[in-house]
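Here's the letter readout for the chains.
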Amino acid sequence: MEQSISAPAFWLAWSQIPGIGPVLLKRLDQQFGSLELAWAASPSQLAQVEGLGTVTIEKIISAKSGINPAALWHQHHQHNPQVWTPADPAYPQILWEIPDPPPLLYWAGSFTDWDRARAIAIVGTRESTSYGRRWARKIAQTLSENGYVIVSGLADGIDAEAHKGSLEASGRGIAVVGTGVDRVYPSKNQPIYQQLLQRGLVLSEYPQGTGPERSHFPQRNRIIAGLCRATILIEAGQRSGALITAYQANDYGREVFALPNSLDYDQSRGCLEMIQRGAQIILGLEQLLTALAQLPQIDPVPALAPVKKSPSRSPAGSSADLAVDQPTQAQVLGLLNDQDLFSFDQIVDRLNLGAGEVSAALLQLELSGLVTQHPGMRYQRIS
């Protein structure tokens with residue numbers, strides 16, 4: 001019996017053809033009504049698509065002869081079962097609005113249905129200042145407490161702090177990565193990744209097993225901007241990838257907010273440049289909440305909730321700290337001290353626990369101010 005062909009199979013098949021990128025894929029779909037119909041189109045019909053010239057059409061005809069969409073999809077789906085294409089109802093419609101939506105969107109996690117109108121990107125440089133990291137975390141926490149979904153890139157610096165702030169507020173965050181969804185880069189953010197798998201979502205346009213490559217991250221940035229009605233730029237040098245994300249958000253017609261900082265810091269240049277170009281300046285948490293609620297494309301909550309204050313924490317080492325939320329956290333905290341550094345692998349081995357369980361516990365302890373992480377995924381108790 002001939003294998004049936006699903007609509008997503010044609011998104012995969014077309015994406016394998018040299019010279020056919022996200023922009024042309026969207027044009028093909030819009031021209032023919034589906035990529036299945038486009039697959040059967042004649043050269044003269046393909047020539048009606050803007051951007052398809054004679055050379056490209058010849059490549060299409062040649063490449064199609066060696067591709068069986070049904071077989072290709074079956075093989076690919078065995079290794080990547082969790083993937084959306086624009087043909088799937090779960091594919092974010094807000095992402096389809098941009099001119100270059102990803103044809104394949106791989107996902108991992110437990111958070112597959114969110115209010116697309118309330119997703120906010122928080123981005124910034126890896127080489128962040130303490131001021132930027134503090135405000136990234138504070139803004140993410142406040143927005144999460146007020147019902148927004150925080151989207152960032154799981155990178156060092158501002159991205160990591162944004163994810164931590166969201167998780168600290170028991171929010172649901174989304175990380176868009178430049179690797180496969182089964183890879184963590186940088187590896188030090190493994191604890192954040194594990195928490196996002198449990199309470200959020202990790203997205204990528206690259207299949208599982210894909211490692212980090214320099215060219216992937218600018219491509220990743222357009223998805224961050226495309227998923228969100230607004231992008232918040234915390235810190236960015238003049239050549240920062242985060243600044244590219246802000247530019248893309250602006251090109252997509254999305255709102256951009258920027259956090260001001262001193263001219264003495266290179267990390268402030270990108271934000272000041274965006275403010276000069278018309279980005280809204282962030283003057284405080286209440287002001288930001290009010291501005292977001294007034295955006296025409298973002299539905300405000302019925303009554304804007306007041307900013308919640310984090311509960312005060314007991315000093316490290318107190319009985320309140322040892323009676324932490326989970327037994328695993330107590331075990332990890334009992335192992336660590338304020339003098340020695342313990343690697344992630346050492347903690348797993350000594351406690352005889354699973355890596356995911358330890359990662360989640362370490363992140364919660366770090367968010368609680370009880371543990372600090374050093375380079376190389378080494379951990380120390382805060383005295």
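In this text, all values refer to a predicted model and were calculated from it rather than measured experimentally.

1. Side note on the overall build of the protein
Thinking step 1. In terms of helices and strands, the protein carries 18 helices and 12 strands.
Thinking step 2. The buried share of the protein, reckoned over its 383 residues, is 55%.
Thinking step 3. Considering only intrachain contacts with a sequence separation of at least 6, the fraction spanning at least 24 residues in the protein is 71%.
Thinking step 4. For the protein, the exposed area adds up to about 17,100 Å²; of that, 48% sits on carbon and sulfur atoms.

2. Notes on the nonpolar core
Thinking step 1. Membership of the largest hydrophobic core comes to 56 residues, with the highest contact counts inside it found for Trp14 and Leu28.
Thinking step 2. Residues contacting Leu28, with those up to four places away along its chain left out, are Trp14, Ile20, Gly33, Leu35, Ala38, Leu46, Val49 and Leu52.
Thinking step 3. Of all hydrophobic cores here, the second largest spans 23 residues; its members include Trp135, Ile232, Leu288 and Leu295.

3. Focus on the packing of helix α11 (residues 216-227) against helix α12 (residues 241-251)
Thinking step 1. Here α11 crosses α12 at 45°, and the two axes come no closer than 9 Å. With respect to α12, the element α11 is oriented oblique. Where α11 crosses over α12, the handedness of that crossing is right-handed. Side by side, α11 and α12 meet where Pro218, Asn221, Arg222, Ile224 and Ala225 of the first sit next to Gly241, Ile244, Thr245, Gln248 and Ala249 of the second.
Thinking step 2. Its residues assigned to classes, the contact of α11 with α12 comprises five nonpolar, four polar and one charged.

4. A few points about the pairing of strand β12 (residues 378-381)
Thinking step 1. In this sheet, β12 lies alongside strand β10 (residues 342-343) in antiparallel orientation, the contact comprising two bridges. By the bridge assignment, Phe342 is partnered in β12 with Tyr379.
Thinking step 2. Sheet topology note: the strand β11 (residues 371-374)/β12 ladder contains four bridges and is antiparallel. Looking at the pairing, Thr372 lines up with Gln380 of β12.

5. Here's the deal with the pairing of strand β2 (residues 105-109)
Thinking step 1. The element β2 is extensively covered by neighbouring structure, given that four of its five residues are classed as buried.
Thinking step 2. Summarising the sheet, strand β1 (residues 83-84) and β2 pair through two bridges and their orientation is antiparallel. Directly across from Trp84, in β2, lies its bridge partner Leu105.
Thinking step 3. Pairing between β2 and strand β6 (residues 201-204): four bridges, direction antiparallel. Bridge pairing in β6 links Gly109 to Leu201.

6. A word on the pattern of salt bridges
Thinking step 1. Scanning the model with the defined rule gives nine salt bridges in all.
Thinking step 2. We note a salt bridge from Arg254 to Glu97, for which the minimum N-O separation is 3.3 Å. Taken together, the residues Arg254 in the loop between α12 and β8 (255-258) and Glu97 in the loop between α7 (93-96) and β2 connect sequence positions 157 residues apart.
Thinking step 3. Measuring nitrogen to oxygen at the nearest pair gives 3.8 Å for the salt bridge that ties Arg137 to Glu168. Here the residue Arg137 occupies a position in helix α8 (residues 130-145), and Glu168 occupies one in helix α9 (residues 158-168), the gap between them amounting to 31 residues.
Thinking step 4. Note on Glu168: relative accessible area 23%, which makes it partly exposed.

7. Remarks on the sheet that holds β8
Thinking step 1. Reading across the sheet, the nine strands line up as β1-β2-β6-β5-β4-β3-β7-β8-β9 and stay open at both edges, with mixed pairing between neighbours. The two strands at the open ends of the sheet, each matched to only one other strand, are β1 and β9 (280-281).
Thinking step 2. Two strands pair when backbone bridges link them, and strand β3 (residues 119-123) and strand β4 (residues 149-152) are joined in this way by three bridges, in the parallel orientation. Among the inter-strand pairings, Ala121 is bridged to a residue of β4, identified as Val151.

8. Describing the side chain of Asp29
Thinking step 1. Structurally, Asp29 can be placed in helix α2 (residues 22-32).
Thinking step 2. The charged side chain of Asp29 is buried without a salt bridge, its nearest counter-charge being Lys26 at 8.4 Å.
Thinking step 3. Sequence-distant contacts of Asp29, defined by excluding residues within four places in its chain, comprise Trp11, Ser34, Leu35 and Trp96.

9. Examining helix α14 (residues 285-293)
Thinking step 1. Of the positions making up α14, those classed as buried are Leu285, Leu288, Leu289, Ala291, Leu292 and Ala293.
Thinking step 2. Packed against the buried residues of α14 are β3, α8, β7 (230-233), β8 and β9.

10. Things to note about the packing of aromatic side chains
Thinking step 1. Counting across every chain of the model gives six aromatic pairs.
Thinking step 2. Relative to Trp39, the ring of Phe10 lies with its centre 6.1 Å away and its plane at 65°, an arrangement referred to as edge-to-face. With Phe10 in helix α1 (residues 7-15) and Trp39 in helix α3 (residues 35-39), this pair connects stretches of sequence that are 29 residues apart.
Thinking step 3. Residue Phe10 is classed as buried on the basis of its relative accessible area of 4%.
Thinking step 4. Residue classification places Trp39 among the buried residues on the basis of a relative accessible area of 13%.
Thinking step 5. Pairwise contacts between aromatic rings join Phe10, Trp14 and Trp39 into one cluster.
Thinking step 6. A cation sits over an aromatic face here: Arg126 above Phe217, 5.8 Å from the ring centre.
Thinking step 7. Cation over ring: Lys138 sits above Trp135, and NZ or CZ is 4.2 Å from the ring centre.

11. Concerning the packing of helix α16 (residues 327-335) against helix α17 (residues 344-351)
Thinking step 1. Orientation of α16 relative to α17, taken along the N-to-C sense of each, is 110°, at an axis distance of 11 Å. One element, α16, and the other, α17, form an angle in the roughly perpendicular class. Between α16 and α17 lies a crossing whose hand is right-handed. Counting all contacts with α16, which are made through Gln331, Val332 and Leu335, the residues of α17 involved are Ile347, Arg350 and Leu351.
Thinking step 2. Class assignment of the residues belonging to the contact of α16 with α17 gives a composition of four nonpolar, one polar and one charged.

What counts, and at which threshold
- Residues numbered from 1 in each chain as written.
- Predicted model: local features only at pLDDT ≥ 70, side-chain atom pairs only at ≥ 80, totals over all residues.
- Heavy atoms only, no water.
- Helix = DSSP H or I, 4+ residues; strand = E, 2+ residues; numbered from the N terminus.
- Buried < 20%, exposed > 50% of the residue type's maximum accessible area, 1.4 Å probe, protein only.
- Contact = heavy atoms within 4.5 Å.
- Areas by Shrake-Rupley, 256 points an atom, 1.4 Å probe, with all protein chains shown as cover.
- Core = buried A, V, L, I, M, F, W, Y, C linked by side-chain atoms within 4.5 Å.
- Axes fitted to C-alpha atoms, helices over the stretch in contact; angles between N-to-C directions.
- Parallel < 35°, antiparallel > 145°, perpendicular 65-115°, else oblique.
- Left-handed = near helix turned anticlockwise from the far one by under 90°.
- Nonpolar A, V, L, I, M, F, W, Y, C, P; charged D, E, K, R; others polar.
- Pairing = 2+ DSSP bridges.
- Salt bridge = Lys/Arg side-chain N within 4 Å of Asp/Glu carboxyl O.
- Lys, Arg positive; Asp, Glu negative; His and termini not counted.
- Phe/Tyr/Trp six-rings, centres within 6.5 Å; stacked < 30°, edge-to-face > 60°.
- Lys NZ or Arg CZ within 6 Å of the ring centre and 35° of its normal.

The values are spatial; any link to function lies outside them.
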